[in-house]
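Understanding the architecture of this molecule
Residues per chain are reported as follows:
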Amino acid sequence: MTPSDAGSFNVTSYRVIYGDTDKMGVVYYANYLRWFERGRCEFLRQLGVPYGDIEARGIHFPVVEANCRYAKPARYDDLVLIESRIESVSRATLIFTYRISREGEDTPLATGSTKHACIDGAGKVLRIPIDLLRTLEKAVGQET
């Protein structure tokens with residue numbers, strides 16, 4: 001993937017560790033949300049706006065809504081692929097979507113989304129700064 005087409009999505013791989021699983025070797029359901037975060041952070045890094053740089057500007061994007069639909073279990077030692085996309089961006093919110101699959105398989109293990117609000121350090125809702133907004137809109141293909 002080149003920087004010019006890097007905007008549409010990101011795929012991050014992750015090897016399931018024992019600590020991700022329950023006694024049966026099946027991934028604990030809440031870990032999928034951690035994987036969503038991992039994919040989201042790598043996607044922002046790919047866009048050239050790592051989350052650390054965003055926070056250094058006094059901007060935060062807390063999750064205000066999350067959903068996950070589980071289709072098949074991931075298990076200890078699986079190599080999973082976390083596909084992340086930005087579905088939409090508005091003045092003060094953005095929505096990411098995710099698809100988690102096992103490497104070499106086309107069927108998703110889980111799909112989901114997270115909605116984020118743009119806030120300052122005091123928790124006040126902010127408009128996404130125009131330069132960041134344009135970068136995010138370009139990733140969605142909704143440039144203004």
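Bear in mind that the values here come from a model prediction, so they are computed numbers and not experimental data. (Residues numbered from 1 in each chain as written. Predicted model: local features only at pLDDT ≥ 70, side-chain atom pairs only at ≥ 80, totals over all residues. Heavy atoms only, no water.)

**What about the overall build of the protein?**
Each helix and strand in the protein was counted, giving three helices and five strands. Relative to the globule expectation of 15 Å for 144 residues, the C-alpha radius of gyration of the protein, 16 Å, shows essentially globular dimensions. Oriented by its inertia axes, the alpha-carbon framework of the protein measures out at about 45 × 35 × 25 Å. Out of the 144 residues in the protein, the part that is buried amounts to 39%. For the protein, long-range pairs separated by at least 24 residues make up 68% of all intrachain contacts whose partners lie at least 6 apart in sequence. (Helix = DSSP H or I, 4+ residues; strand = E, 2+ residues; numbered from the N terminus. Rg over C-alpha atoms; globule rule 2.2 N^0.38 Å. Buried < 20%, exposed > 50% of the residue type's maximum accessible area, 1.4 Å probe, protein only. Contact = heavy atoms within 4.5 Å.)

**Quick look at the packing of aromatic side chains**
On inspection of all chains with the given rule, the structure shows eight aromatic pairs. With a centroid separation of 5.1 Å and an interplanar angle of 75 degrees, the aromatic rings of tyrosine 32 and tyrosine 70 are classed as edge-to-face. Remark: tyrosine 70 occurs in strand β2 (residues 63-70) and tyrosine 32 occurs in helix α1 (residues 31-46); sequence separation between them is 38 residues. Ring plane angle 85 degrees and centroid distance 6.4 Å describe the contact between phenylalanine 43 and phenylalanine 96, whose orientation is recorded as edge-to-face. You can see phenylalanine 43 sitting in helix α1 and its partner phenylalanine 96 sitting in strand β4 (residues 93-102), a full 53 residues away along the chain. (Phe/Tyr/Trp six-rings, centres within 6.5 Å; stacked < 30°, edge-to-face > 60°.)

**Regarding the nonpolar core**
Side chains of nonpolar character tend, in soluble globular proteins, to be buried together. In terms of nonpolar packing, the biggest core is built from 30 residues, with Trp35, Ile128 and Leu136 touching the most fellow members. Residue assignment for this core shows that the elements contributing at least two residues are α1, β3 (79-89), β4, β5 (108-117) and α3 (130-140). Per-element tally for this core: the top contributor is α1, with five residues. Beyond its immediate stretch of four places on either side in the chain, isoleucine 128 contacts Phe61, Val89, Ser90, Arg91, Ala92, Thr93, Leu94, Cys118, Leu133 and Leu136. (Core = buried A, V, L, I, M, F, W, Y, C linked by side-chain atoms within 4.5 Å.)

**Considering the environment of glycine 121**
As for its position among the elements, glycine 121 is in the loop between β5 and α3. Between the alpha carbons of glycine 121 and glycine 39 there is a distance of 24 Å; along the sequence they are 82 residues apart. Those residues in contact with glycine 121 that sit more than four places away from it in its chain are Gly58 and His60.

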